[in-house]
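Structural overview for review
Below, each chain spelled out in residue letters.
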Amino acid sequence: MSDRPRFALRFISGKYQGGEFPLRMNREIVIGRSSDLDMVLVEDMVSRRHAKISSSDADVYIQDLGSTNGTFVNGEKIAGRSRLSEGDRILVGTSIIKVVAVDGALANQSEAEARRRLEAGAQQRQQTQGRPMSGVIEEIPLPDLLQLLSTSRKSGVLSINNGVSIGKIYIRKGQIYFAAINDDFTLSPQKAIYRMLTWATGTFELEPSVELQVMEEVTESTEALLMEGVRQLDEFRHMQSQLPPLSSALAVPTPLAGKLRELTPTQLDTFQLVLEHGQLQKVLDNYPGTDLDAAQNLLVLMQREFVVVP
C-alpha cells in the first residue's frame, strides 16, 4: 500500500493528550482551528490554518502556514519547511506532539476515525481535568519541556510532582524567574531548578500565570540555566553510583583518618554539615552551593574516611 503510514503523531501534552493520528504516505494534512481541515485543534493559540505536514515514501516534513504563535520542532521555531524524524517533538498551541513509529492497529485506522477519537478524547479530558497543558516526564523530559516553554514564550507556573516532592517553576514569557521545591524558599531557585532537572519520572502541569513577588529573581536566561543544569545532571549521574542513597545516615569516625587542616574550605563546610545534620539529603539541602559541588566534596571526605556511612 503506497499510503500505508510509517509514522504517527502522538499527543503527549495538551487538550488532546493521549490521541494519535497516523501520517499516511504521499499525503498532506493541514492542522488548524478551522473545522474543514484534516486535523482540527480547537484552542485559542492555534491559528485557523496553522501548519501543514507532507509525507512521501521517504520523508515527512512540517511547514508553518504563517500562524500567529508559530510552530516549534524540538524547541526551535521553524521558519520554512522542516524535516521530521521519529522522536521529534512538535509544539502547536498548547499541544506537544511526538513523532512515533506506527503500530499495526493504528496503521489500519482511517483519518476520519483518528479525528473522531481526538475530539472525543479532548471532550472527556476537559470534563475530568480542565487544564490544557499537562503530561508525564517519561514522555517529555523536563529540559526539553522547559526549552519548548521558553522558545514559545509561555507564561505560567510549571508544577512538577515526582511522587515524593512537588516543585514549581515560575515562568514569565518564556523566562524562568523563580523556582521552589515543596515551597521551601531557603533553597536557592537555581539549586531547585538543577535538582528538578534530575527527576526522571513524575507528572507536570502548566498552571495559569501567577505573578510571584520574590526578593531576588533569577537573572540567568532560561537557555543558560538549562545548559548548566544538564551539565550538572550528567556529572551528578556519573558519580551517583559512588554515593549512598539520599536517605542514608552519615557519621564522622573517631579518631579521624587525617588532619582537618588538609581539607579545603568547602570540604570543611561539608564536613560541618555532616556533623550538624548526619544525613546525605540534609547535607545537600543545607549546602549553600549546588548538589553537584556538595556531592563532590562528600566523595572526597568519604574516600579519605573523614565521613562514613554507619
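The rules behind the values
Residues numbered from 1 in each chain as written. Predicted model: local features only at pLDDT ≥ 70, side-chain atom pairs only at ≥ 80, totals over all residues. Heavy atoms only, no water. Helix = DSSP H or I, 4+ residues; strand = E, 2+ residues; numbered from the N terminus. Buried < 20%, exposed > 50% of the residue type's maximum accessible area, 1.4 Å probe, protein only. Contact = heavy atoms within 4.5 Å. Areas by Shrake-Rupley, 256 points an atom, 1.4 Å probe, with all protein chains shown as cover. Expected span 1.5 Å × (residues − 1). Arc of directions from axis to C-beta. Pairing = 2+ DSSP bridges. Phe/Tyr/Trp six-rings, centres within 6.5 Å; stacked < 30°, edge-to-face > 60°. Lys NZ or Arg CZ within 6 Å of the ring centre and 35° of its normal. pLDDT = per-residue confidence, 0-100. Salt bridge = Lys/Arg side-chain N within 4 Å of Asp/Glu carboxyl O.

**Comments concerning the overall build of the protein chain**
A tally of helices and strands in the protein chain yields eight helices and 16 strands. Burial status across the protein chain gives 47% buried among its 310 residues. Long-range pairs, those at least 24 residues apart, make up 59% of the contacts in the protein chain between residues at least 6 apart in sequence. Carbon and sulfur atoms provide 48% of the accessible area of the protein chain, an area that totals close to 15200 Å².

**Focus: helix H5 (residues 222-240)**
For H5, with 19 residues, the first-to-last C-alpha span of 26 Å sits near the 27 Å given by 1.5 Å per residue. For H5, the complete set of buried residues consists of Thr222, Leu225, Leu226, Gly229, Gln232, Leu233, Phe236 and Met239. Angular distribution of buried residues about the axis of H5 spans 155 degrees; they occupy a single face of the element. Of the residues in H5, the exposed ones pointing more than 90 degrees away from the buried face are Glu223, Met227 and His238. For H5, the elements touching its buried residues are helix H3 (142-151), strand S15 (175-181), helix H4 (189-196) and helix H8 (291-303).

**Digging into H3**
Within an α-helix, residues lying three or four positions from one another point in the same direction, as the helix has 3.6 residues per turn. Residues Leu142, Pro143, Leu145, Leu146, Leu148 and Leu149 constitute the buried set of H3. Arginine 153 lies just past H3 and shows a positive phi near 55 degrees.

**Here's the deal with the pairing of strand S16 (residues 203-207)**
Alternating positions in S16 separate cleanly, Phe204 and Leu206 being buried on one face and Thr203, Glu205 and Glu207 remaining unburied on the opposite face. Note that strand S12 (residues 134-136) and S16 share three bridges and pair antiparallel. Note that in S16 the partner of glycine 135 across the bridge is phenylalanine 204. For strand S13 (residues 156-161) and S16, the ladder comprises five bridges, and the chain directions are antiparallel. Residue pairing for S16: asparagine 161 is matched across the bridge by threonine 203.

**Let's talk about the packing of aromatic side chains**
In the structure shown here, the tally under the stated rule is five aromatic pairs. Ring geometry for phenylalanine 11 versus tyrosine 16: centroids 5.9 Å apart, planes at 55 degrees, classification tilted. On the accessibility criterion, phenylalanine 11 (1% relative accessible area) is buried. One aromatic cluster in this structure is built from Tyr170, Tyr177, Phe178 and Phe185. Between arginine 172 and the ring centre of tyrosine 177, over which it is positioned, the NZ or CZ distance is 4.0 Å.

**A word on the pairing of strand S5 (residues 51-55)**
Burial runs high along S5: five of the five residues are buried. Residues Ala51, Ile53 and Ser55 line one face of S5 and the alternating positions Lys52 and Ser54 line the opposite face, and both faces are buried. Sheet topology places strand S3 (residues 27-32) next to S5; five bridges connect them, and they run antiparallel. Bridge assignment links glutamate 28 to a residue of S5, and that residue is serine 54. Across five bridges, S5 lies against strand S6 (residues 60-64) in antiparallel orientation.

**A look at the confidence of the model for the protein chain**
Looking at the protein chain as a whole, the pLDDT averages 88, with 94% of positions reaching at least 70. Predicted confidence in the protein chain is weakest over helix H1 (residues 104-107), with a mean pLDDT of 67, and strongest over helix H6 (residues 265-277), with 96.

**A word on the sheet that holds S5**
Strand order in the open sheet formed by five strands is S4-S3-S5-S6-S9, and the pairing between neighbours is mixed. Where the open sheet ends on each side, the last strands, each with one partner, are strand S4 (39-40) and strand S9 (81-84).

**As for the pattern of salt bridges**
Within the structure shown, the criterion is met by 13 salt bridges. Lysine 98 is the salt-bridge partner of glutamate 139, the closest N and O atoms lying 3.9 Å from each other. Residue glutamate 139 is located in the loop between S12 and H3, and its partner lysine 98 is located in strand S11 (residues 95-101); the two are separated by 41 residues in the primary sequence. Note that arginine 172 and glutamate 217 form a salt bridge whose closest N and O atoms lie 3.0 Å from each other.

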